[in-house]
Amino acid sequence: MDRVGTVISKERRPPTHLNFEFYVEKEVTVGDFVVVPAMGGDIIAKVEVLEAYSSLFKEPEILRDERLYGLKMPSQMEVELSRIIVAKAKVLGVYDGIALNPPSIPPSPGEKVYKLPEHHLKRILNLSERGLYIGKIWGGSLKVVLDLDLTLRHHVAVLGATGTGKSYACGVIVEELLLKNIPVLIIDPHGEYWTLRNPSSNVKELESFELGPREFHTTVVSPSGNLRVSLKVSKIPAGALAEAANMSEVQEDLLYLAYKEYKPETLDELEKAIVKAGHERGFMDVTINSILRRIEALRELNIFSNQGVKLEKLLKPGSAVIMDLSQDMEERARRLLVGGLLLELFEARKRSLVPPFVVVVEEAHRFAPQDRETFSKTILRRIAREGRKFGVGLVIASQRIVGLDKDILSQCGTKILLRIDSATDLHFLNPLLEHTSFEDFRRLPHLPRGVAIITGVSLRFPVMVRIRPRMSAHGGGGESLWRSMRLVAQSRVEEN
Ligand SMILES: Nc1ncnc2c1ncn2[C@@H]1O[C@H](COP(=O)(O)OP(=O)(O)O)[C@@H](O)[C@H]1O
Ligand SMILES: [Mg+2]
């Protein structure tokens, strides 16, 4: 094993079963896992703080005197010899060769500290052999492979500021799922996922992760174009329509009655049903007319039809269905589409009409806002709560952590945290990160692009991970870039 230091015992800060300090003899960085052999087993710890000391620079006067009186400074060699690095480590547990037991014994002062060999780290973190290959431990070569079942059953949240690599990381997850033959549905408000069908040109970097370029099978659907997604009036709950049409309570009552009594299949039938039910139940003409006007406005959203593509048929093993919602449309139409289509698919899954699948929701705060009840949020909550029972996994991505439904966020057992610098977001997130240490948390605002702290059910301890390169091309990035790509994407859909 690679020896990196020696346990010390400072006055009033002796090693305990929870924390200890060691004199650093060889390069160690914050976040490194170390091991101290002890009588009861190997004490496993994580380096959380590094402190640099030098007896020569304890007094600031030395520098003043040098400048004022030209006093000789200590030589380079003296400086180097006086320099001491002390690491503060947090004990994670005691490894007996089989299991990691809770911290119970302090390391002895004078004991040697070693870097934890990666094959041990792999076992201790509970990494898998054939799960989702997300990246490599930051500063190391250990592959971070998350257990497939555990990760999918408890859902995933990818969080971080804009441009920190969320969509890129989601793309990595999608690739891994497709490689495992799991169907994926992507809610893609920016139209950036269609590039999954093109191999990456980043061959060199891929090689360093033992990977190669690859293309994936995708089907892009959108509210316009040939593969058009649309909603069936009969499949949308009255409440969801009322929400999208901004109806009052009385209006919603009548809508509900019309639905219940006449089971309309189209907007035309719905209008007739409203007139009939309205008259039968003695609603005022102004109410009826006002609903009709609102339904007319819904019609203009252009998302209702009985001829849309059947997503159930497209969700196939190894294939990604990308719902491109980047075209100019009202946000309420986007939300209604997402809610309606996810509801239909979830119901289809409950009846085993589609294989188990994963849904990736980009910009999740738009579909599941924290401050408002929306139909799409109700459905996403249902998937977050009941998905694991029926084989529907959820991956959400968002840069607006405060604006994202806390309930759904807390259901996400794995969190991939990219750089987060908003103090409000950090404050909101803090109570949701049970296992993340204060030191890890404080590093969130400083993470470079593409580096994440991953925490949750699929890893025994949070680790810092360099996200692996994409095997297929990444479509996100600059505004002008995705605009041009979107145009290409749309023309391709039409070619299909
Ligand atoms: N893991 C990564 N490796 C290499 N480049 C990355 C990585 N993550 C992000 N990038 C680059 O950063 C840019 C922004 O990433 P993106 O995932 O689109 O950000 P956002 O967090 O806004 O979704 C991308 O264009 C991509 O080129
Ligand atoms: Mg993005």
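Residues numbered from 1 in each chain as written. Chains lettered and ligands numbered in written order. Predicted model: local features only at pLDDT ≥ 70, side-chain atom pairs only at ≥ 80, totals over all residues. Heavy atoms only, no water.

Below, the discussion takes up the environment of Thr266. Mapped onto the elements of the fold, Thr266 is located in the loop between α8 (249–262) and α9 (267–280). When the C-alpha positions of Thr266 and Val233 are compared, they lie 5.5 Å apart, and in sequence the two are 33 residues distant. If near-sequence neighbours (up to four positions away) are discounted, Thr266 is found in contact with Val233 and Asn306. (Helix = DSSP H or I, 4+ residues; strand = E, 2+ residues; numbered from the N terminus. Contact = heavy atoms within 4.5 Å.)

To continue, consider the pairing of strand β8 (residues 132–137). Of all six residues in β8, six are buried; the element is thus mostly enclosed. Here β8 pairs with strand β9 (residues 143–146) via four bridges, running antiparallel. In the strand pairing of β9, Lys136 is matched with Lys143. (Buried < 20%, exposed > 50% of the residue type's maximum accessible area, 1.4 Å probe, protein only. Pairing = 2+ DSSP bridges.)

Here the focus is the packing of helix α12 (residues 331–350) against helix α14 (residues 375–390). When two helices pack together, their arrangement is given by the angle between the helix axes and the distance between those axes. The interhelical angle for the contact between α12 and α14, taken along N-to-C directions, is 25 degrees, at an axis separation of 9 Å. By the angle between their axes, α12 is roughly parallel relative to α14. The handedness of the crossing between α12 and α14 is left-handed. Across the interface between the two elements, Arg335, Leu336, Gly339, Gly340, Leu342, Leu343, Phe346, Glu347, Arg349 and Lys350 of α12 pack against Phe375, Ser376, Ile379, Leu380, Arg382, Ile383, Glu386, Gly387 and Phe390 of α14. (Axes fitted to C-alpha atoms, helices over the stretch in contact; angles between N-to-C directions. Parallel < 35°, antiparallel > 145°, perpendicular 65-115°, else oblique. Left-handed = near helix turned anticlockwise from the far one by under 90°.)

Per the domain assignment, the segments of the protein chain are domain 1 (3–117), domain 2 (132–229 + 309–495) and domain 3 (233–300). Inter-centroid distance (C-alpha atoms) of domain 1 to domain 2 is 40 Å. Each partner contributes to the interface: domain 1 provides nine residues, whereas domain 2 provides eight residues. Both sides of the domain 1 and domain 2 interface together cover about 710 Å² of buried area, and 55% of this is carbon and sulfur. Across the domain 1-domain 2 interface, the total number found is one salt bridge. A salt bridge links Asp440 to Lys46; the nearest nitrogen and oxygen atoms lie 2.9 Å apart. Connecting domain 1 to domain 2 are four residue pairs in polar contact (both at pLDDT 80 or more). At the level of secondary structure, the elements contributing two or more residues to the side of domain 1 that touches domain 2 comprise β4 (41–54) and β5 (83–95). Top contributing element to the side of domain 1 that touches domain 2 by residue count: β4, with three residues. (Domains from an automatic or database assignment. Buried area = accessible area lost by both parts, 1.4 Å probe. Salt bridge = Lys/Arg side-chain N within 4 Å of Asp/Glu carboxyl O. Polar contact = N/O pair within 3.5 Å; in protein donor to acceptor, adjacent residues only side chain to side chain.)

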